[in-house]
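# Structural characterization, general
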Amino acid sequence: MNILFGFYHNLGLTLSLLVVATFLLAGTVKGVIGLGLPTVAMGLLGLAMAPSQAAALLIIPATVTNLWQLAFGGHLSVLVRRLWPMLLAISIGTGAGTLWIAMADSHWVVRGLGGALLLYALSGLCLPTLRVGSQTEIWLGPICGAITGIITSATGVFVIPAVPYLQALGLSKDELVQALGLSFTVSTLALAAGLLWHGSLGGGELSASLLALVPAVLGMLLGQWLRQRISAVLFRRVFFMGLGALGGHLLMNG
């Protein structure tokens, strides 16, 4: 029991409440639009703690909610056959990035996180819907995967450029949601392996991450309920605007 709560005892009450509120919000965002849990969690927690510490907290909530998202849709085998080059490149990119970048507790990593969030927000707000042809997909998928892996290893955010790439493949709504879950699951496991390699993911961090699963799941259930009652388009716009502001703040003041 001491191991389970020791991490939060060391954080103190204020930071512990920030963790709970962050994962509740991040889970809600993911429940509404199918993505955003690690992005929101890393962005908000990055304001108050080291990136490696924040990344360790999101491992179990991100893995469980991604597997939940991945389990429904009925397109898993087809997507794995189509996307395996990108998924393999994500793993390789994350592993390579872990060896020579590592998620150090330095200011440039926080600024890198802010830059990634700002870039993601601008792409969501400003870029038109792109389309990737079948011939282009053969070589572009692994490139996007490798870049995503490197960014993941440095910042803990695994959305650029994987999410815009998947959105450009012309997948159906159900296929896209399941493809995002598949990509995020691979990215999360690769990140966990990198943190473990560097000694940033021990028993205390895993216990703290397990407790963070509770508000994340509650938030995801709330988000799925909200999805039926609000405009997803409006929510995405507000989400990207808030994410851009947070990314700009981290970029300038990290």
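As the structure is a prediction and not an experimental result, all values here were calculated from the model.

It is worth spelling out the environment of Ala 55 at this point. Relative to the helices and strands, Ala 55 resides in helix α4 (residues 51-71). A residue is classified by how much of its surface remains accessible, and Ala 55, at 0% relative accessible area, is buried. As for Ala 55 and Ala 26, which are separated by 29 residues in sequence, their C-alpha atoms are 14 Å apart.

Right, let's get into the pattern of salt bridges. Within the structure shown, the criterion is met by one salt bridge. In this structure, the salt-bridge partner of Glu 137 is Arg 82, at a minimum N-O distance of 2.9 Å. Highlighted residues: Glu 137 in helix α7 (residues 134-155) and Arg 82 in helix α5 (residues 76-100), separated in sequence by 55 residues. What makes Glu 137 buried here is its relative accessible area of 12%.

Enumeration according to the criterion identifies three aromatic pairs in this entry. Between Phe 158 and Phe 184 the ring centres are 6.0 Å apart and the planes differ by 50°, which places this aromatic pair in the tilted class. With Phe 158 in the loop between α7 and α8 (162-167) and Phe 184 in helix α9 (residues 173-197), the pair connects residues that are 26 residues apart, well separated along the chain. With relative accessibility at 1%, the residue Phe 184 sits in the buried group. Each ring, one from Phe 239 and one from Phe 240, has its centre 5.3 Å from the other, and the planes form 50°; the classification is tilted. The residues Phe 239 and Phe 240 share a single accessibility class, namely buried. Among the aromatic residues, those joined into a ring-pair cluster are Tyr 120, Phe 239 and Phe 240.

All right, on to the side chain of Ser 183 then. Within the fold, Ser 183 resides in helix α9. Apart from the residues lying within four places of it in its own chain, the contact partners of Ser 183 are Met 86, Leu 87, Ile 90, Ala 162 and Leu 166.

This part takes up the UniProt feature "transmembrane region" (unreviewed entry) in the chain. UniProt tags residues 41-62, 83-102, 108-127, 139-164, 176-197, 209-227 and 233-252 as "transmembrane region" (unreviewed entry). As annotated, residues 108-127 has a helix share of 95% and a strand share of 0%, and its two end C-alpha atoms lie 27 Å apart. For residues 139-164, helix accounts for 77% and strand for 0%, while the C-alpha atoms at its two ends are 16 Å apart.

Tracing the backbone through its elements, the reader meets Ser 52 in helix α4. Its relative accessible area of 9% is what places Ser 52 among the buried residues. Spatially, the C-alpha atom of Ser 52 lies 8.4 Å from that of Thr 155, the residues being 103 residues apart in sequence.

So, about the side chain of Ser 187. Its place among the elements puts Ser 187 in helix α9. Note on Ser 187: relative accessible area 0%, which makes it buried. Discounting residues that sit within four places of it in the chain, Ser 187 has contacts with Ile 90, Thr 152 and Phe 158.

So, about a nonpolar patch on the surface. Taken together, Leu 76, Val 80, Trp 84, Leu 88 and Ile 92 make up a surface patch of nonpolar side chains, about 470 Å² in accessible area. For Leu 76, the position within the fold is in helix α5. Of the residues examined, Leu 76 reaches a relative accessible area of 37% and is grouped as partly exposed.

A word on the packing of α4 against helix α10 (residues 203-227). Where α4 contacts α10, the axes come no closer than 7 Å and their chain directions differ by 45°. Overall, the two elements α4 and α10 adopt an arrangement that is oblique. Relative to α10, the crossing made by α4 is right-handed. Listed contacts from α10 to Ala 56, Leu 57, Leu 58, Ile 59, Ile 60, Pro 61, Val 64, Thr 65 and Trp 68 of α4 are Glu 205, Leu 206, Ala 208, Ser 209, Leu 210, Ala 212, Leu 213, Ala 216, Val 217, Met 220, Leu 221 and Gln 224.

Turning next to unusual backbone geometry. Between Ile 160 and the following residue, Pro 161, the backbone shows a cis peptide bond with an omega angle of -5°. Residue position: Pro 161 is located in the loop between α7 and α8.

Moving on to the packing of helix α2 (residues 13-33) against helix α3 (residues 37-45). At a closest axis distance of 8 Å, the pairing of α2 and α3 adopts a crossing angle of 150°. Viewed along their axes, α2 and α3 adopt a mutual orientation that is roughly antiparallel. At the point where α2 passes α3, the crossing takes the right-handed sense. On the side of α2, the interface is formed by Leu 18, Val 19, Thr 22, Phe 23, Leu 25, Ala 26, Gly 27, Val 29 and Lys 30, while α3 contributes Leu 37, Val 40, Ala 41, Leu 44 and Leu 45.

So, how was this worked out
Residues numbered from 1 in each chain as written. Predicted model: local features only at pLDDT ≥ 70, side-chain atom pairs only at ≥ 80, totals over all residues. Heavy atoms only, no water. Helix = DSSP H or I, 4+ residues; strand = E, 2+ residues; numbered from the N terminus. Buried < 20%, exposed > 50% of the residue type's maximum accessible area, 1.4 Å probe, protein only. Salt bridge = Lys/Arg side-chain N within 4 Å of Asp/Glu carboxyl O. Phe/Tyr/Trp six-rings, centres within 6.5 Å; stacked < 30°, edge-to-face > 60°. Contact = heavy atoms within 4.5 Å. UniProt positions renumbered as here; feature names shortened; annotations may be inferred. Patch = residues over 30% accessible without salt bridge, like charges linked within 9 Å, V, L, I, M, F, W, Y side chains within 5 Å. Areas by Shrake-Rupley, 256 points an atom, 1.4 Å probe, with all protein chains shown as cover. Axes fitted to C-alpha atoms, helices over the stretch in contact; angles between N-to-C directions. Parallel < 35°, antiparallel > 145°, perpendicular 65-115°, else oblique. Left-handed = near helix turned anticlockwise from the far one by under 90°.

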